[in-house]
Amino acid sequence: MSSLPYRYIVGLEVHAELNTETKMFCRCVNKPFGSEPNTNVCPVCLGLPGTLPVPNREAVKKTILVGLALESTIPKISKWDRKHYFYPDSPKAYQISQSDMPLCVGGHLDLLAPDGSVESTVRFERVHLEEDAGKLQHAAGGVSHVDLNRAGVPLIEMVSKPDLTSPEQARRFLQELRLLVRAVGVSDADMEKGQMRCDVNINIAFEHEGTTIKTPITEVKNVNSTRAVERSIATEAQRQYDEWMADGPIRTRTNKLTSGWDEDTNEVKIQRAKEGANDYRYFPEPDIPPVAVYELADLNPKTLVKTLPELPNSIRKQYAKEVGADLESILSDREEIEYFKQYIAEGMPAKVVANWIKQVPDFLSVAQDGDVLAVYGLIKSGDMSFSAFKEKVAQFTADLHSSRERTAKDTAQTLGLLQVHDENVVQSAIAEVIAANPQAVADYKSGNERIIGFIVGQVMKKAAGKAQPAHVQEAVKAELAK
Ligand SMILES: [Zn+2]
C-alpha cells in the first residue's frame with residue numbers, strides 16, 4: 001500500500017497518428033518523417049484560401065475500429081468542428097476536430113494480472129478524429145522554421161476517464177493502449193517518433209481537518225514516453241500537495257493549469273491557465289457534412305466489428321497461465337502474434353509455439369507449408385531433440401529447402417540429428433540396470449517416483465546413443481510396474 005498522504009486522480013488524453021496512405025483532408029502522402037521539409041503539402045493542408053477539405057474514409061474506418069476494440073458506442077451521427085487557436089504550426093489558425101459529436105463514445109480497457117484475470121478497468125470518455133499540426137524547428141539565433149509535412153496527418157484522440165490511481169498504473173495503461181492500436185493495425189504508435197503522444201490530467205485528493213480536499217487539475221502536455229508519464233504524475237502530485245500545504249494560491253484557484261514536462265530536469269513547468277472550451281470558439285465545420293457511418297457500407301460498425309483481429313487481452317486470457325513471460329513480448333509484435341495463433345490452430349501447444357518464436361525465429365519466418373509441423377512431429381516422437389535442431393537450425397533450413405522432395409526427416413538424417421532407438425539394446429540395458437540397483441527399484445516401488453530419473457539416466461548411459469529418453473522413461477515405468 002502507498003504511504004503517501006494523498007490519492008492520485010489521473011486521466012490520460014492519448015493521441016496516435018493513423019497509418020493511412022494519405023492525410024486527413026487532402027491527398028498528400030501521410031509521411032511526416034524522412035522527407036525534405038514542406039514537400040508533402042498542398043493548398044488544402046497549407047490552409048490556403050478557397051480550398052475545401054475532403055475527409056479520408058480510411059481514417060474514419062480506423063478510428064471506428066479503435067472504438068470497437070475499446071467497446072465504445074459508435075453513434076449514428078458524428079460531426080466535425082473547428083477548434084481555433086493561433087500558433088505558427090497551424091496554417092489555418094484552426095484545427096478540424098470533433099467537439100460534441102465524436103465518432104466513438106465511452107468504452108473501456110482492462111488491465112490484466114499476470115494470470116490473465118482482470119486487475120482494473122479504465123473507462124473512456126470518447127475517441128475522436130482530428131488533424132495533426134505541423135512542426136516547429138527552433139534554430140540558432142532565435143529563428144524558428146515550420147515544417148508542414150505533418151500538418152493534416154490523421155490523429156485520433158483517446159480520452160480516458162480519471163480512473164487511474166497510481167503513476168505505475170498510468171504507465172501500464174499507456175503501454176496497453178499502444179499494444180492495442182498496434183494489434184488493431186491502425187498506428188505504429190512509436191512514441192520516440194511522436195506517433196503517439198500523451199497529455200496527462202492530474203489532481204489529488206486527501207483528508208484535511210475533517211474534509212476531503214480535491215486540488216485543481218493540472219494538464220501536463222506532450223509527455224512523450226511511458227516512463228515520463230509515470231514520473232510526471234508522481235512529481236506533479238507531490239507539487240500540488242506541497243503547494244496546498246504551504247497555503248499557496250492553489251487553494252483559491254478553480255480553473256485548470258496547463259504545463260509541460262521537462263524530460264531533462266524531471267520538472268513540471270507551469271505554462272498558463274487553461275483555455276476553456278469557450279476560448280477555442282468551437283463551431284461546426286461548415287465545409288464537411290456530418291457523417292452517418294451506419295449508412296455507409298464500408299464504414300458500418302456492424303460490419304467492421306467482424307474484421308477486428310483478436311486483441312491482446314483475449315490472447316492473454318487464453319494463454320497467459322500456460323506461456324508465462326514470453327507472451328508479453330509476442331503481443332508487442334504483430335508478426336509474432338500471427339505465428340503464435342497459426343501454429344496453435346494447427347495443433348501445437350501454446351508453450352511450444354512461444355518457445356520456438358523466441359528460440360528459432362528465423363526458421364519460422366522462412367518456413368514453408370508444413371515445415372514447422374513436420375519438425376515438431378520429429379521432436380514430439382523423440383526422433384530428434386529440440387536442442388539438436390536449434391543448434392543446426394540454419395543448416396537444417398537450407399537443406400530442407402534445397403529441393404521440394406526433401407522431408408524434415410531426410411534433413412534430420414543427413415545432418416545426423418536423428419536419435420536412434422534400438423528396442424533390443426534398451427530392453428537389455430533396463431534389465432541390467434534394474435538388477436544392479438535393487439535399492440533404487442525398492443525406493444521407486446515404495447512411492448519415490450523421482451528416483452526414476454536416476455534409473456533412466458543409467459539406462460541411457462548403458463544404451464550409449466541407441467535410446468531416446470522419452471521412450472526409455474516409458475519402458476522403465478512399464479518394466480517396474482510388472
Ligand atoms: Zn495536402
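See the structure printed just above.
Everything numeric in this text was worked out from a predicted model, so none of it was measured.

1. A closer look at the pattern of salt bridges
Under the definition given, this model contains 29 salt bridges. Residue K62 is joined to E58 by a salt bridge in which the shortest nitrogen-to-oxygen separation is 3.9 Å. On the criterion of helical spacing, the pair formed by K62 and E58 is a turn pair, its members being four residues apart in helix α1 (residues 57-69). Of the residues examined, E58 reaches a relative accessible area of 34% and is grouped as partly exposed. Between R406 and D399 there is a salt bridge, with the nearest N and O atoms lying 2.7 Å from each other. Through salt bridges with shared partners, a single ionic network connects E17, D132, R150 and R197.

2. Examining helix α2 (residues 167-184)
End to end, α2 covers 26 Å across 18 residues, agreeing with the expected 26 Å (1.5 Å per residue, within 8%). Of all 18 residues in α2, 13 are buried, a share of seventy percent or more.

3. A short note on the coordination of the zinc ion
By definition of the ideal shapes, a tetrahedral metal site with four donors has angles of 109.5 degrees and an octahedral site with six donors has angles of 90 or 180 degrees. Protein-derived ligands of the zinc ion are C26 (SG), C28 (SG), C42 (SG) and C45 (SG), with the metal-ligand distances lying across 2.3 to 2.4 Å. If you look at the zinc ion, its four donor atoms make angles of 99 to 116 degrees with each other, and the shape they trace is tetrahedral. Donor residues for the zinc ion sit on one chain with the sequence pattern C-x1-C-x13-C-x2-C. A single burial state applies to C42 and to C45, both of which are buried.

4. Digging into the packing of aromatic side chains
The tally for this structure, following the rule as stated, stands at 16 aromatic pairs. Ring geometry for W356 and F389: centres 5.8 Å apart, planes at 35 degrees, overall tilted. Within this pair, whereas W356 is found in helix α8 (residues 350-359), its partner F389 is found in helix α11 (residues 386-391), the two being separated by 33 residues in sequence. An identical accessibility class is assigned to W356 and F389; each is buried. Ring centres 6.5 Å apart and planes at 85 degrees place the aromatic pair F363 and F396 in the edge-to-face group. On the criterion of sequence distance, the pair formed by F363 in helix α9 (residues 361-366) and F396 in helix α12 (residues 393-400) is long-range, its members being 33 residues apart. When its relative accessible area of 0% is taken as the criterion, F396 is described as buried. Taken together, the ring pairs in this structure connect W356, F363, Y376, F386, F389 and F396 into an aromatic cluster.

5. Overview of the packing of helix α14 (residues 423-436) against helix α16 (residues 452-463)
Between α14 and α16, whose axes approach to 9 Å, the crossing angle comes to 125 degrees. As summarised for this structure, α14 and α16 are arranged oblique, according to the angle between their axes. Both α14 and α16 take part in a crossing whose hand is right-handed. Contacts between α14 and α16 involve V425, V426, A429, I430, E432 and V433 from the former and I455, Q458, V459, K462 and A463 from the latter. Taken together, the residues of the contact of α14 with α16 break down into eight nonpolar, one polar and two charged.

Cut-offs and rules
As a convention, each chain's residues are numbered from 1 in the sequence order in which they are written. Local features in this predicted model are restricted to residues of pLDDT 70 or higher, and side-chain atom pairs are both shown and tallied only at a pLDDT of 80 or more, whereas totals for entire chains, interfaces and linings draw on every residue. The side-chain values count all of the structure's non-hydrogen atoms but skip hydrogen atoms and water molecules. Salt bridges are identified by distance alone: a Lys or Arg side-chain nitrogen within 4 Å of an Asp or Glu carboxyl oxygen. Numbering of helices and strands starts at the N terminus; helices are DSSP runs of H or I of at least 4 residues and strands are runs of E of at least 2. Any residue under 20% of the maximum accessible area for its type is buried, any over 50% is exposed, and the rest in between are partly exposed; the area is computed with a 1.4 Å probe on protein chains only. To estimate how far a helix should reach, multiply one less than its number of residues by 1.5 Å. Here a donor is an N, O or S atom found within 2.8 Å of the metal, or within 3.2 Å if the metal is Na, K or Ca; sites may look incomplete because water is not among the atoms. Four donors are marked tetrahedral only if all angles between them lie between 85 and 135 degrees, whereas four are marked square planar and six octahedral if opposite donors are more than 155 degrees apart and the other angles lie between 65 and 115; the remainder are marked irregular. Here a pair means two rings of Phe, Tyr or Trp (six-membered ring of Trp) with centres within 6.5 Å. Their orientation is stacked below 30 degrees between planes, edge-to-face above 60, and tilted elsewhere. To get an axis, fit a line to the C-alpha atoms, keeping to the stretch in contact for a helix; angles then go from 0 to 180 degrees between the N-to-C directions. Roughly parallel covers angles under 35 degrees, roughly antiparallel covers those over 145, roughly perpendicular covers 65 to 115, and oblique covers all other angles. Handedness of a crossing is defined here by the sense of rotation of the near helix relative to the far one, left-handed for an anticlockwise turn of less than a right angle and right-handed for a clockwise turn. Any two residues having at least one pair of non-hydrogen atoms within 4.5 Å are treated as being in contact. Following the grouping adopted for this structure description, the nonpolar residues are Ala, Val, Leu, Ile, Met, Phe, Trp, Tyr, Cys and Pro, the charged ones are Asp, Glu, Lys and Arg, and the polar ones are all others, Gly among them.

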